[in-house]
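# Descriptive analysis of the structure
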Amino acid sequence: MRRTVNADDGGRIVPSSPAFGAFAAHSAAGDERGCASVARVGVRRPRESPAAYAEGMAAPERTRVAVVGGGPAGMFLGLLLARGGIDTVVLEKHPDFLRDFRGDTVHASTLGLLDELGLGSAFAALPHRLVDSVEIQLDAGTVRLADFGRALPGLHPHVAFVPQWDFLEMLAGAAEREPHFTLVRSAEVVGLTHDAGRVAGVGLRDYAVGEPAVGEPAVVEPAVVEPAVGERSVAESTSSGHVLAADLVVACDGRWSTVREAAGLIPRTFGSPVDIWWFRVPRHEGDPGGGIGRLSGHEFMIMIDRGDTWQCGYLIAKGADAALRAEGLGAFREKLARLQPWLADRLDASPASLDDVKLLNIILERLEEWHRDGLLLIGDAAHPMSPVGGVGINLAIQDAVATAQIVGQWMRHHPGPVPADVLSEVRRRRLLPTVLVQAFQRAAARGIVSRALKGEIATSRTAIPLPLRVLARFPILQAIPARFIAIGPRPEHTPSWARRLERIAPR
Ligand SMILES: Cc1cc2nc3c(=O)[nH]c(=O)nc-3n(C[C@H](O)[C@H](O)[C@H](O)COP(=O)(O)OP(=O)(O)OC[C@H]3O[C@@H](n4cnc5c(N)ncnc54)[C@H](O)[C@@H]3O)c2cc1C
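In this text the structure is predicted, and so the values were computed from the model without any measurement.

### Comments concerning the pairing of strand E13 (residues 242-251)
Across the ten residues that make up E13, a large majority, nine, are buried. Relative to E13, strand E3 (residues 62-68) is paired through six bridges, and the arrangement is parallel. Across the sheet, Ala66 pairs through a bridge with Val249, a residue of E13. Note that E13 and strand E22 (residues 375-377) share three bridges and pair parallel. Across the sheet, Val250 pairs through a bridge with Leu376, a residue of E22.

### Some thoughts on the site of the ligand
Around the ligand sit 37 residues in total, of which Gly69, Gly71, Gly103, Gly379 and Gly392 are the nearest. The set of elements that each furnish at least two residues to the shell around the ligand consists of helix H2 (72-83), strand E11 (187-195) and helix H10 (392-413). The biggest single contributor to the shell around the ligand is H10, with four residues. Residue composition of the shell around the ligand, by class: 16 nonpolar, 14 polar and seven charged. Inspection of the shell around the ligand shows a minimum of three residues originating in each of domain 1 (4-24 + 39-127 + 162-269 + 364-436 + 491-498) and domain 2 (274-317 + 319-360).

### Describing the sheet that holds strand E9 (residues 159-161)
As summarised here, the arrangement of the three strands in space is E5-E9-E6, forming an open sheet in which the pairing is antiparallel. Looking at strand neighbours, the two that pair on one side only are strand E5 (105-106) and strand E6 (129-131), the edges of this open sheet. Sheet topology places E6 next to E9; three bridges connect them, and they run antiparallel. Each bridged residue has a counterpart across the sheet, and for Leu130 the counterpart in E9 is Ala160.

### Describing the sheet that holds strand E8 (residues 141-147)
Strand pairing in a sheet is mediated by backbone hydrogen bonds. Such pairs are either parallel or antiparallel. With respect to topology, seven strands assemble into an open sheet ordered E8-E7-E16-E17-E18-E15-E19, the strand pairing being mixed. With partners counted over all chains shown, the strands left at the sheet margins are E8 and strand E19 (358-360), one partner each. Between one strand axis and the next, the sheet turns through 25° on average, direction left out of account. Pairing of strand E15 (residues 274-282) with strand E18 (residues 309-317), which is carried by nine bridges, proceeds in the antiparallel orientation. Each bridged residue has a counterpart across the sheet, and for Ile276 the counterpart in E18 is Leu315. On top of the sheet, helix H11 (residues 420-453) reaches E15, strand E16 (291-296), strand E17 (299-305) and E18; it is set at about 65° to E15, its chief contact.

### Brief notes about the confidence of the model for the protein chain
Looking at the protein chain, the pLDDT average stands at 81 and 79% of residues meet or exceed 70. This stretch, residues 8-57, has a pLDDT under 50; its non-local contacts, to residues over four places away or in other chains, come to 115 contacts. Counting interchain partners and residues more than four positions distant, the pLDDT-below-50 stretch residues 207-239 has 72 contacts.

### Here we look at the environment of Pro467
Here Pro467 shows up in helix H12 (residues 466-473). On the basis of neighbour counts, which here come to 15 C-beta atoms within 10 Å, the residue Pro467 falls in the partly exposed class.

### Examining the nonpolar core
Residues Val68, Leu91, Val249, Val250 and Ile378 are the most contacted members of the largest nonpolar core, which totals 124 residues. Two domains each donate at least three residues to this core, and these are domain 1 (4-24 + 39-127 + 162-269 + 364-436 + 491-498) and domain 2 (274-317 + 319-360).

What counts, and at which threshold
- Residues numbered from 1 in each chain as written.
- Predicted model: local features only at pLDDT ≥ 70, side-chain atom pairs only at ≥ 80, totals over all residues.
- Buried ≥ 20, exposed ≤ 12 C-beta atoms within 10 Å, placed from the backbone.
- Helix = DSSP H or I, 4+ residues; strand = E, 2+ residues; numbered from the N terminus.
- Pairing = 2+ DSSP bridges.
- Near = placed C-beta within 6 Å.
- Nonpolar A, V, L, I, M, F, W, Y, C, P; charged D, E, K, R; others polar.
- Domains from an automatic or database assignment.
- Axes fitted to C-alpha atoms, helices over the stretch in contact; angles between N-to-C directions.
- Contact = placed C-beta atoms within 7 Å.
- pLDDT = per-residue confidence, 0-100.
- Core = buried A, V, L, I, M, F, W, Y, C linked by C-beta atoms within 7 Å.

Here it is as structure tokens:
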């Protein structure tokens, strides 16, 4: 079986270009570990059209596990299950992983998981930066919030910044070496199929060209109507009529999950006082590196170093988008230049217009139930995360590892559908970490971000908020947020059957 396929717009499935399969071919730099700030990151490769691929491959019609979504949760889960000998198909609606709306953090706990999987060297070969602390730049100076070196004495006393498309390609490359793994790109799931009331597979719309605007939800089809018990149904909206039958569907399709909607699951919402304007500006030689948080007056911006560009997130109060746009591009550029004066030399050209500034709607939500008969939801599909603290990717990967430990372990020894008590065990194990991390995000959004935008946090030395002052005064306490961010509560470990020893080349 060929293991990476692209669905073309005629409903056929065609093999992927070798460029997608072989991560090594496009990785740059080399091992950059040990330096706080290294390597050029973020080289965007040209998008390849699936139409360029050879034709003639049949779509899979049945698998044991259909994973919906090839983000961090989906790719990690697909790799682990396939290594456990469980036939797994990952369905990704885009033809590639190249999208701006991606967080770029790979946390210490994930770096440890990659070592367990024998992928430490493959990751090290990707262009990346290692960041050993989190700091916020105030007018009065820089305050260190988290010191990873102090908290994490092991092999990875840092958080890595790597373009997420490179990270996902690396996971795809590793998974494609497993005979039980198939990745179908350009395959959008539009609904669920049912058999006797149990979720029995997914309906697909093959999807070869076009993608939603950056940060916007995918085209969401109306939720599939629950069929009568005993009746096998197919999502009526599947234009190609393609259906993938599975013993288990795992929704890893992110915060606007189509599967969640199709299953009729409604998350509890916690609201967010802020949204984010997402845009890019060029990065110049001599700029600082890594991740930057900058707070001054009413303005708060995060900047992610992607090599030749800065990915910028400028926080705005929820609902303020229209009013701020009405002020115009000139006013926005002035604010940016005031906030980060060394950016001023490039703001004439970039962002070129307010059309290049995308509004990302920040949500923070959690499902009460994470499963239905034949269906499990993990990652942002179960608990959409806000960007605060940059911890959502780690949490999604930890969910995937717990799913492999619990559900994968069961499936290795039993044929057929997975019992409800096995599926519900995943939520039991991951609920506490999720609640704690979301509570941290809510507290930070209310206590710091929202107050900063209202100008309630003055940034002179004496008015620095008490928690930040305490962290600055007693550096030993920086180990607490460092551990929380870099490892997170209840870290998971990969199942022994998914691990591989890394082959180290002789010196
Ligand atoms: C503005 C912003 C910035 C953020 N920055 C960070 C950060 O720096 N660090 C961090 O840790 N977290 C960050 N987060 C949170 C983080 O993005 C998420 O928590 C994390 O990506 C969740 O991973 P996931 O695999 O569950 O879902 P996702 O990463 O959302 O992946 C879902 C995948 O499913 C695919 N998909 C969706 N629908 C379908 C469908 N119907 N059929 C097939 N495929 C489908 C999508 O194309 C996507 O590839 C940020 C969030 C926001 C809003």
